[in-house]
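What follows is the residue order along each chain.
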There are 2 protein chains.
Amino acid sequence: MPANRRPRARAEKRDEIVTAARRLFVDDGYDATALSKIAAAAGVTANTVYWYFPDKDHLLVAVLEELLADALSRYEPMAQRPLADKIMFAVQELSAMRNLVDTVHARRAASPAIDQWHTGFHEVADALTRSELPPDDAEPASHIIAFVVEGLLTHPAGETEQREIIDLLVDRIT
Amino acid sequence: MPANRRPRARAEKRDEIVTAARRLFVDDGYDATALSKIAAAAGVTANTVYWYFPDKDHLLVAVLEELLADALSRYEPMAQRPLADKIMFAVQELSAMRNLVDTVHARRAASPAIDQWHTGFHEVADALTRSELPPDDAEPASHIIAFVVEGLLTHPAGETEQREIIDLLVDRIT
DNA sequence: ACCTGAACACCGTTCAAGT
DNA sequence: ACCTGAACACCGTTCAAGT
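Not measured: the values here are computed from a predicted model. (Residues numbered from 1 in each chain as written. Chains lettered and ligands numbered in written order. Predicted model: local features only at pLDDT ≥ 70, side-chain atom pairs only at ≥ 80, totals over all residues. Heavy atoms only, no water.)

Draft legend 1. Local environment of the pattern of salt bridges. Here the structure, examined in full by the defined rule, presents 28 salt bridges over all chains. Between Asp137(A) and Arg172(B) there is a salt bridge, with its nearest N and O atoms 2.5 Å apart. Remark: Arg172(B) occurs in helix 9 (residues 159-173) and Asp137(A) occurs in the loop between helix 7 (112-130) and helix 8 (138-154); the pair is interchain, linking two chains. With a relative accessible area of 22%, Arg172(B) lands in the partly exposed category. Put simply, Arg81(A), Asp85(A), Arg163(A) and Asp167(A) are held in one network by salt bridges that share partners. (Salt bridge = Lys/Arg side-chain N within 4 Å of Asp/Glu carboxyl O. Helix = DSSP H or I, 4+ residues; strand = E, 2+ residues; numbered from the N terminus. Buried < 20%, exposed > 50% of the residue type's maximum accessible area, 1.4 Å probe, protein only.)

Okay, here's the thing in structure tokens:
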């Protein structure tokens, strides 16, 4: 029996696991989601997950990649809007990751895979803001924007308060 | 035998546990520190800790209170310096909490005690910055400062890069 | 009041065994 | 190649028992 008889089936099963993990991670958070729950939701046993992912952290990375890709795919219409709208959009779009931001930071030291995703994420974020910033301050300014976006994700505020913060930030920083 | 024969001894034992927990939490992080390690460092068994604290989260709160009190006690000489110096000082002083910032955010949903400490912390931080800010923007501006401080704690940068970010922030926001 | 040994329920992960 | 049942080492927490 050949090794790769149904490569399609493997990808599909993997997707089912990622989809289940995504829903549970986003809704309940990483720590509160036991691998056995994810496995049950995907119709397998807990240890089967290890045939598709080396560990729970790599499964989180797969989920983060999906979430980020989804957010970016919806970003295009924003390309022409002012920076404040882009940041507002980013905060709303990334709010699905809200429960996971702290987990990513917390597990960075323990998991090279998560550390790597985190670095890549900030590179993408940096690239998106930097082009809109005065070249002289682009470096520190882009960091400030990233910190505020993360802060707004971690400390959910009302819509108007959020706008106030972003408007002030963009007004002063650009 | 009276119930409170040696109230002093109880406080001392409690302190030993907090001191051990503080060192381990700061050095290794909350998740990586098993209660049994703390207990061993304090010369007791793991379950004995539960006679002094209702759970691991409350022990973390006790540690956070110590760290914050220490930082504030060193803050006085800063009172007359410019805002940028104060923020720089805050980041350096709170860097002992670096490993715990994400834990506090992550466990806020699960632990009312941690949530409460977190709220109090931001009230203190807000009060310290707000007086230095133009009253019109004080609310959003103080949030931006808090977000940048947290961002610098979570994403350690070089000393000069850090200064660049803080200087730009203070220059623009005040 | 204070502390312990033993147990409980749960976790991520490993492994030998099946197909 | 893919999946499982059973086990492992570990965790926070509880509890009956000692002093």
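The rest of the description comes next.
Draft legend 2. Layout of the relation of the copies chain A and chain B. Between chain A and chain B, which share one sequence, the superposing operator has a rotation angle of 180° and an axial displacement of 0.0 Å; the RMSD is 0.0 Å. The transformation relating the two chain copies, once decomposed into turn and shift, fits a two-fold axis. When the interface residues of chain A are mapped onto chain B, 100% of them again fall at the interface, so both copies present the same face. (Least-squares fit on C-alpha atoms with pLDDT ≥ 70 in both. Contact = heavy atoms within 4.5 Å.)

Draft legend 3. Looking closely at a nonpolar patch on the surface. On the surface, Leu72(A), Val124(A) and Leu128(A) cluster together into a nonpolar patch covering about 200 Å² of accessible area. Judged by relative accessible area, which is 33%, Leu128(A) ranks as partly exposed. (Patch = residues over 30% accessible without salt bridge, like charges linked within 9 Å, V, L, I, M, F, W, Y side chains within 5 Å. Areas by Shrake-Rupley, 256 points an atom, 1.4 Å probe, with all protein chains shown as cover.)

Draft legend 4. Spotlight on the protein's contact with DNA strand C. In the neighbourhood of DNA strand C, 15 residues make up the surrounding shell, with Tyr50(A), Thr45(B), Asn47(B), Trp51(B) and Tyr52(B) lying closest. In DNA strand C, atoms within 4 Å of the protein come from the sugar-phosphate backbone in 67% of cases. Separating a phosphate oxygen of DNA strand C from a side-chain N or O atom of Thr48(B) is a distance of 2.5 Å. The contact in question runs from a phosphate oxygen of DNA strand C to an N or O atom on the side chain of Tyr52(B), over 2.3 Å. (Near = heavy atom within 4 Å. Polar contact = N/O pair within 3.5 Å; in protein donor to acceptor, adjacent residues only side chain to side chain.)

Draft legend 5. Representation of the interface of chain A and chain B in the model. Counting from both sides, the interface comprises 27 residues of chain A and, opposite them, 27 residues of chain B. Both faces combined, the contact of chain A with chain B buries some 2,400 Å², and carbon together with sulfur accounts for 65% of it. Counting the surface chain A buries against chain B, the share from its top three residues, Phe147(A), His155(A) and Arg172(A), is 27%. Remark: the boundary between chain A and chain B carries two salt bridges. Looking at the side of chain A that touches chain B, the elements with two or more residues in it are helix 6 (98-107), helix 7, helix 8 and helix 9 (159-173) of chain A. For the side of chain A that touches chain B, the element with the most residues is helix 8 of chain A, which contributes 11 residues. (Buried area = accessible area lost by both parts, 1.4 Å probe.)

Draft legend 6. Main features of the packing of helix 6 (residues 98-107) of chain B against helix 7 (residues 112-130) of chain B. All names here are of chain B. Contact geometry of helix 6 with helix 7 gives a least axis separation of 8 Å together with a crossing angle of 120°. Taken together, the axes of helix 6 and helix 7 are oblique relative to one another. Every pair of crossing elements has a handedness; the one defined by helix 6 and helix 7 is left-handed. Here Val104, His105 and Arg107 of helix 6 lie close against helix 7, whose contacting residues are Ile114, Trp117, His118 and His122. (Axes fitted to C-alpha atoms, helices over the stretch in contact; angles between N-to-C directions. Parallel < 35°, antiparallel > 145°, perpendicular 65-115°, else oblique. Left-handed = near helix turned anticlockwise from the far one by under 90°.)

Draft legend 7. Broad picture of the protein's contact with DNA strand D. Taken together, 15 residues form the shell around DNA strand D, and within it Thr45(A), Asn47(A), Trp51(A), Tyr52(A) and Tyr50(B) come nearest. Counting only atoms of DNA strand D within 4 Å of the protein, the fraction found in sugar and phosphate groups is 69%. At 2.4 Å, a side-chain N or O of Thr45(A) approaches a phosphate oxygen of DNA strand D. Take Leu35(B): an N or O atom from its main chain is 2.9 Å from a phosphate oxygen of DNA strand D. Split into classes, the residues belonging to the surface near DNA strand D amount to seven nonpolar, five polar and three charged. (Nonpolar A, V, L, I, M, F, W, Y, C, P; charged D, E, K, R; others polar.)

Draft legend 8. Quick look at helix 9 of chain A. For helix 9 of chain A, built from 15 residues, the straight-helix expectation of 21 Å at 1.5 Å per residue is met to within 8% by its first-to-last C-alpha distance of 21 Å. Residues Gln162(A), Ile165(A), Ile166(A), Leu168(A), Leu169(A), Val170(A) and Ile173(A) constitute the buried set of helix 9 of chain A. (Expected span 1.5 Å × (residues − 1).)

Draft legend 9. Region of interest: the packing of helix 9 of chain A against helix 8 (residues 138-154) of chain B. Close contact between helix 9 of chain A and helix 8 of chain B brings their axes to 9 Å; oriented N to C, the two are set at 75°. On the basis of their axis angle, the class for helix 9 of chain A and helix 8 of chain B is roughly perpendicular. Side by side, helix 9 of chain A and helix 8 of chain B meet where Glu161(A), Glu164(A), Ile165(A), Leu168(A) and Leu169(A) of the first sit next to Glu139(B), Pro140(B), Ala141(B), His143(B), Ile144(B) and Phe147(B) of the second.

Draft legend 10. Inspection of the domain arrangement of chain A at higher detail. Residues and elements named next belong to chain A. Once the domains are mapped, chain A shows domain 1 (1-53) and domain 2 (56-173). For domain 1 versus domain 2, the distance between C-alpha centres works out to 27 Å. On the surface where domain 1 and domain 2 come into contact, there are two salt bridges. The shortest N-O distance in the salt bridge between arginine 22 and glutamate 66 comes to 2.7 Å. The interface formed by domain 1 and domain 2 contains six residue pairs in polar contact (both at pLDDT 80 or more). Only helix 1 (7-28) and helix 2 (35-42) provide two or more residues apiece to the side of domain 1 that touches domain 2. Per element, the largest residue contribution to the side of domain 1 that touches domain 2 is eight residues, and it comes from helix 1. Of the residues that constitute the side of domain 1 that touches domain 2, the class distribution is 10 nonpolar, two polar and four charged. (Domains from an automatic or database assignment.)

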